[in-house]
Amino acid sequence: MLNMEKKYTEYNNHMMILEGKKRNFSVLPQVIEYGYITGCAGVPFPDSMYFQNKLEFCIRISCSKDILTHTINGVTYKNSYPHCLIKPPLGEYHLSITTQRDVFYILYPPEMLDYFKKTGVIDETMCWDIELTPAISHLITLLKEMINKPLEFGFADQADLRCLQLLEELVLFRKKKNSPQFFAQKISIA
């Protein structure tokens, strides 16, 4: 058991906490934290857990395993990497194994769940496979670079905007992947 605890703590977390930072624009959903983790082993002990009382959008970029089977609020998903996972506030999560993985995440206050449902960012699909398209990769890179810079005037506004742009790219990819045209193109290529 000691090895699992040690493995769980041996990762690098690079984050930017924006909760309470001054914004110049109030029209964008305000990010409370974002960051990326390399070498994360997932939950310290496999099986069940509950998400924190925040809304999290998690991009699981790479992993030591090819496929992950997990259950979110009673719905089972089988995903390859990379994939996007929406962690609803206090949602129930089941995982049969722990794996080392690299992730990028964005946290919002729990009350933003309804906002993102109304705007179509969140639907019934809480997890879907993605491709690291040039647009998605570019936004992740920009946000990572911002972590290493000191907070400057307008920094929180820029982070809010870039995070929202990243969510837009992820949702557009989900919608495109689920469209009849995508399946028709995929079938004709095969």
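Residues numbered from 1 in each chain as written. Predicted model: local features only at pLDDT ≥ 70, side-chain atom pairs only at ≥ 80, totals over all residues. Heavy atoms only, no water.

A.B. asks: Even after reading the chapter, I still don't get the overall build of the protein chain, so can you show me in this structure?
C.D. replies: Along the protein chain, the regular secondary structure elements total five helices and ten strands. Within the protein chain, the proportion of its 190 residues that are buried is 43%. When contacts within the protein chain are restricted to residue pairs at least 6 apart in sequence, long-range pairs at least 24 apart make up 77% of them. For the protein chain, the accessible area works out to roughly 10500 Å², and carbon and sulfur atoms hold 55% of it. (Helix = DSSP H or I, 4+ residues; strand = E, 2+ residues; numbered from the N terminus. Buried < 20%, exposed > 50% of the residue type's maximum accessible area, 1.4 Å probe, protein only. Contact = heavy atoms within 4.5 Å. Areas by Shrake-Rupley, 256 points an atom, 1.4 Å probe, with all protein chains shown as cover.)

A.B. asks: It is not clear to me how the side chain of Asp157 should be interpreted in this structure. Could you clarify?
C.D. replies: Its place among the elements puts Asp157 in helix H4 (residues 155-177). Despite being buried, Asp157 has no salt bridge partner; Arg23 is the closest side chain of opposite charge, sitting 5.0 Å away. For Asp157, the side chain forms a polar contact with the main-chain nitrogen of Phe25, separated by 3.3 Å. The residues contacting Asp157, other than those within four sequence positions of it, are Arg23, Asn24, Phe25 and Leu28. (Lys, Arg positive; Asp, Glu negative; His and termini not counted. Salt bridge = Lys/Arg side-chain N within 4 Å of Asp/Glu carboxyl O. Polar contact = N/O pair within 3.5 Å; in protein donor to acceptor, adjacent residues only side chain to side chain.)

A.B. asks: Looking at this structure, I do not really get the packing of helix H3 (residues 134-147) against H4. What am I missing?
C.D. replies: Angle between the axes and distance between the axes: these two values describe a pair of packed helices. Running from N to C, H3 and H4 cross one another at 155°; their axes reach a closest spacing of 9 Å. By the angle between their directions, the pair H3 and H4 is classed as roughly antiparallel. For H3 against H4, the interelement crossing comes out left-handed. Across the interface between the two elements, Ala135, Ile136, Leu139, Ile140, Leu142, Leu143 and Met146 from H3 touch Phe155, Gln158, Ala159, Arg162, Cys163, Gln165, Leu166, Glu169 and Leu170 from H4. (Axes fitted to C-alpha atoms, helices over the stretch in contact; angles between N-to-C directions. Parallel < 35°, antiparallel > 145°, perpendicular 65-115°, else oblique. Left-handed = near helix turned anticlockwise from the far one by under 90°.)

A.B. asks: When you look at H3 in this model, what are you seeing that I'm missing?
C.D. replies: For an α-helix, 3.6 residues make a turn, and residues three or four places apart therefore share a direction. For H3, built from 14 residues, the straight-helix expectation of 20 Å at 1.5 Å per residue is met to within 8% by its first-to-last C-alpha distance of 20 Å. Of all the positions in H3, only Ile136, Leu139, Ile140, Leu143, Met146 and Ile147 are classed as buried. Seen along its axis, H3 keeps its buried residues to an arc of 120°; they face one direction. (Expected span 1.5 Å × (residues − 1). Arc of directions from axis to C-beta.)

A.B. asks: Looking at this model, I keep getting lost on the environment of Lys54. Mind explaining?
C.D. replies: Tracing the chain through its elements places Lys54 in the loop between strand S3 (47-50) and strand S4 (55-63). Residue classification places Lys54 among the partly exposed residues on the basis of a relative accessible area of 27%.

That is the geometry; function is a separate question.
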